[in-house]
Structure formats: structure tokens, C-alpha cells
Amino acid sequence: MFVSIILDPSSMDTARSLSSVLTHFGFKKIQRACWEHTALTLDSFNSLRKEIDRVTDYYDSIRIYQYPVEGKMAVTELAKKKWKRCLLRS
């Protein structure tokens, strides 16, 4: 599945940690705060979320765009250490 991640870290340490995690999972930096992966598996995505959860704190904000998820586009957001997901249909 295609995955795009937009980062808004609260500190430079968190930014470095997130960059390291995303590089480890095979993401490529497209713009200053945008990372993309074109062939991420569901298992890898679940592991990625756990790693992101581990390195972030309450003040970090992350938005993840995935396609396809059940034939739809999914927007997953981490804000205030809580994950929220929205499935968009056409």
C-alpha cells in the first residue's frame, strides 16, 4: 500500500528519532516534513505505528495517508498521544 507521512515534531530530538525510524522502514524523504513509501505491508505498518508511538511525546503531531485500505483512502492521525483514523470513500 502507498503510505505518506507528514511530521510535526515538537523537538529536534523527536525529529531525529522519527527520521531514523522512517529510514529504517524504507521511507524516502520527499519534502521537509513529508515521507513516502510505495509498497508497505500491513504488518510493517502496524510495527511502524508502534515505533512512532515509542519515540513521540504528547506534543508531537503526525498524519498518515494510506491507500488502499479496504478499497478506500485512510487518514490516520497521532495527536496528544492518541491515534485516530478516518476512512474516506469516493
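See above for the structure.
Residues numbered from 1 in each chain as written. Predicted model: local features only at pLDDT ≥ 70, side-chain atom pairs only at ≥ 80, totals over all residues. Heavy atoms only, no water.

**Student:** I tried to follow the overall build of the chain on my own but got confused; where do I start?
**Tutor:** Helix and strand counts for the chain come out as two helices and six strands. From first element to last, N terminus to C terminus, the chain shows the α and β order β-α-β-β-α-β-β-β. Here the C-alpha radius of gyration of the chain, 12 Å, is about what a compact globule of 90 residues would show, namely 12 Å. Across its three principal directions, the C-alpha atoms of the chain cover 35 × 25 × 25 Å. Considering only intrachain contacts with a sequence separation of at least 6, the fraction spanning at least 24 residues in the chain is 50%. When the accessible surface of the chain is totalled, it reaches about 5,900 Å², and 50% of it is carbon and sulfur. With 15 positive and 10 negative side-chain charges, the chain shows a separation of 4 Å between the mean positions of the two kinds. (Helix = DSSP H or I, 4+ residues; strand = E, 2+ residues; numbered from the N terminus. Rg over C-alpha atoms; globule rule 2.2 N^0.38 Å. Contact = heavy atoms within 4.5 Å. Areas by Shrake-Rupley, 256 points an atom, 1.4 Å probe, with all protein chains shown as cover. Lys, Arg positive; Asp, Glu negative; His and termini not counted. Charge placed at Lys NZ, Arg CZ, Asp CG, Glu CD.)

**Student:** Sorry, what's going on with the packing of helix H1 (residues 12-24) against helix H2 (residues 42-55) here?
**Tutor:** Helices that pack against each other are described as a pair by the angle of their axes relative to one another and the distance between those axes. Relative to each other, H1 and H2 sit at 165°, their axes nearing to 10 Å. Between H1 and H2, the angle is such that the two are roughly antiparallel. The chirality of how H1 crosses H2 is right-handed. For the pair H1 and H2, contact is made by Thr14, Ser17, Leu18, Val21 and Leu22 and by Leu48, Glu51, Ile52 and Val55, respectively. Classifying every residue of the contact of H1 with H2 by side-chain character gives six nonpolar, two polar and one charged. (Axes fitted to C-alpha atoms, helices over the stretch in contact; angles between N-to-C directions. Parallel < 35°, antiparallel > 145°, perpendicular 65-115°, else oblique. Left-handed = near helix turned anticlockwise from the far one by under 90°. Nonpolar A, V, L, I, M, F, W, Y, C, P; charged D, E, K, R; others polar.)

**Student:** Before we go on, may I ask you to explain the environment of tyrosine 59 in this structure?
**Tutor:** Looking at the element boundaries, tyrosine 59 is found in the loop between H2 and strand E4 (61-69). Once the C-alpha coordinates of tyrosine 59 and serine 90 are considered, the two residues, 31 residues apart in sequence, prove to be 32 Å apart. Ignoring sequence-local partners within four residues, the contact set of tyrosine 59 consists of Asp8 and Ser10.

**Student:** Is there a simple way to think about the state of the cysteines in this case?
**Tutor:** Where two cysteines share a covalent bond between their sulfur atoms, that bond is called a disulfide. Tallied over the entire structure, the rule returns zero disulfides. Here cysteine 34 is not cross-linked by a disulfide; its sulfur's nearest cysteine counterpart is in cysteine 86, at 19 Å. Using a relative accessible area of 10% as the deciding quantity, one classes cysteine 34 as buried. (Disulfide = S-S within 2.5 Å. Buried < 20%, exposed > 50% of the residue type's maximum accessible area, 1.4 Å probe, protein only.)

**Student:** Looking at this model, I keep getting lost on the pairing of strand E5 (residues 72-79). Mind explaining?
**Tutor:** Looking at chain direction, E4 and E5 are connected through seven bridges and run antiparallel. Bridge pairing in E5 links valine 69 to lysine 72. Between E4 and E5, which pair antiparallel and follow one another directly, the connecting turn spans two residues, one of which, glutamate 70, has a positive phi of 55°. Between E5 and strand E6 (residues 82-88), which follow one another and run antiparallel, lie two residues, and lysine 80 among them has a positive phi close to 55°. (Pairing = 2+ DSSP bridges.)

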